[in-house]
Amino acid sequence: MKTLSIDVRRAEPQDSRAISEAHRLAWQHTYAGIIPHKALTQMIERRGESWWRKATRGPATLLVLDVAGTVAGYATLGLNRARALPQEGEIYELYLRPEYQGIGLGHMLFSEAQRLLKSLGCKGLVVWCLEENENGAEFYRGHGGVDYCEGVETFDRKQLKKIGFIWN
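Not measured: the values here are computed from a predicted model.

1. A look at the nonpolar core
Membership of the largest hydrophobic core comes to 26 residues, with the highest contact counts inside it found for Leu65, Leu77, Ile91, Leu109, Phe110 and Tyr140. Residue assignment for this core shows that the elements contributing at least two residues are strand 2 (61-67), strand 3 (70-79), strand 4 (89-96), helix 4 (105-119), strand 5 (125-130), helix 5 (134-142) and strand 7 (158-167). With 6 residues, the top contributor of residues to this core is helix 4. Here Tyr140 is in contact with Leu94, Phe110, Val127, Cys129, Gly145, Phe165 and Trp167, once residues within four sequence places are set aside. In terms of nonpolar packing, the next biggest core, distinct from the first, is built from 21 residues, Ile19, Ile34, Met43 and Ala55 among them.

Right, here's the structure in full:
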């Protein structure tokens, strides 16, 4: 019988190529047909290997979901950027490569990000999700997130509503 190692850990500079690939695949899968193609492509291209290498050095914390040596997903987190909200922590991004979705690994990554924010003394947490990203919204609701507020993001002149999910 073989043992499969699954771990959530802080990203290291040598993970940057794999994180870049996970980002590309997850964003294409999640946002194709939601974010205009040109804007989506530009956003993905801006975040190549060197961008992720810098991200491993902060200021946000970057976690990776490591499945048997493969970066299956990542999460970025830190202090809440929406000063009007009382929640002190924020998960800025949480994405998995498509082939790792739907089997509980997102739960593992989310739980570790939530635990880390709490251990840093953050009271409460917010996550923003585009309303049309139904799988993402369902994920956060399923993990106890409360639809609390709304905002708007603009991509190539297309305005998309986003939902702020909170945990206290």
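2. Description of the pattern of salt bridges
With the rule as written, the count across this model stands at 13 salt bridges. The shortest N-O distance in the salt bridge between Asp15 and Arg9 comes to 2.7 Å. The class of Asp15 is buried, set by a relative accessible area of 7%. As a salt-bridge pair, Arg53 and Glu49 come within 2.9 Å of each other at their nearest N and O atoms. Here the residue Arg53 and the residue Glu49 both occupy positions in helix 3 (residues 49-55), the gap between them amounting to 4 residues, near one helical turn. Taking the relative accessible area as the measure of exposure, Glu49 reaches 26% and is therefore partly exposed. The structure contains a network of salt bridges with shared partners spanning Arg9, Asp15 and Asp66.

3. Thoughts on helix 2 (residues 37-46)
By the burial criterion, the buried members of helix 2 are Ala39, Leu40, Met43 and Ile44. In an axial view of helix 2, the angular spread of the buried residues amounts to 130 degrees, which keeps them on one side of the axis. The exposed residues of helix 2 that point more than 90 degrees off its buried face are His37, Lys38, Glu45 and Arg46. Buried residues belonging to helix 2 abut helix 1 (16-31) and strand 6 (146-155).

4. Notes on the environment of Leu77
Tracing the backbone through its elements, the reader meets Leu77 in strand 3. Note on Leu77: relative accessible area 0%, which makes it buried. Distance from Leu77 to Ala113, taken between C-alpha atoms, is 7.1 Å for residues 36 residues apart in sequence. Beyond its immediate chain neighbours, meaning those up to four positions away, Leu77 contacts Ala60, Thr61, Leu63, Glu90, Ile91, Tyr92, Ala113, Leu116 and Leu117.

Conventions and cut-offs
Residues numbered from 1 in each chain as written. Predicted model: local features only at pLDDT ≥ 70, side-chain atom pairs only at ≥ 80, totals over all residues. Heavy atoms only, no water. Core = buried A, V, L, I, M, F, W, Y, C linked by side-chain atoms within 4.5 Å. Buried < 20%, exposed > 50% of the residue type's maximum accessible area, 1.4 Å probe, protein only. Helix = DSSP H or I, 4+ residues; strand = E, 2+ residues; numbered from the N terminus. Contact = heavy atoms within 4.5 Å. Salt bridge = Lys/Arg side-chain N within 4 Å of Asp/Glu carboxyl O. Arc of directions from axis to C-beta.

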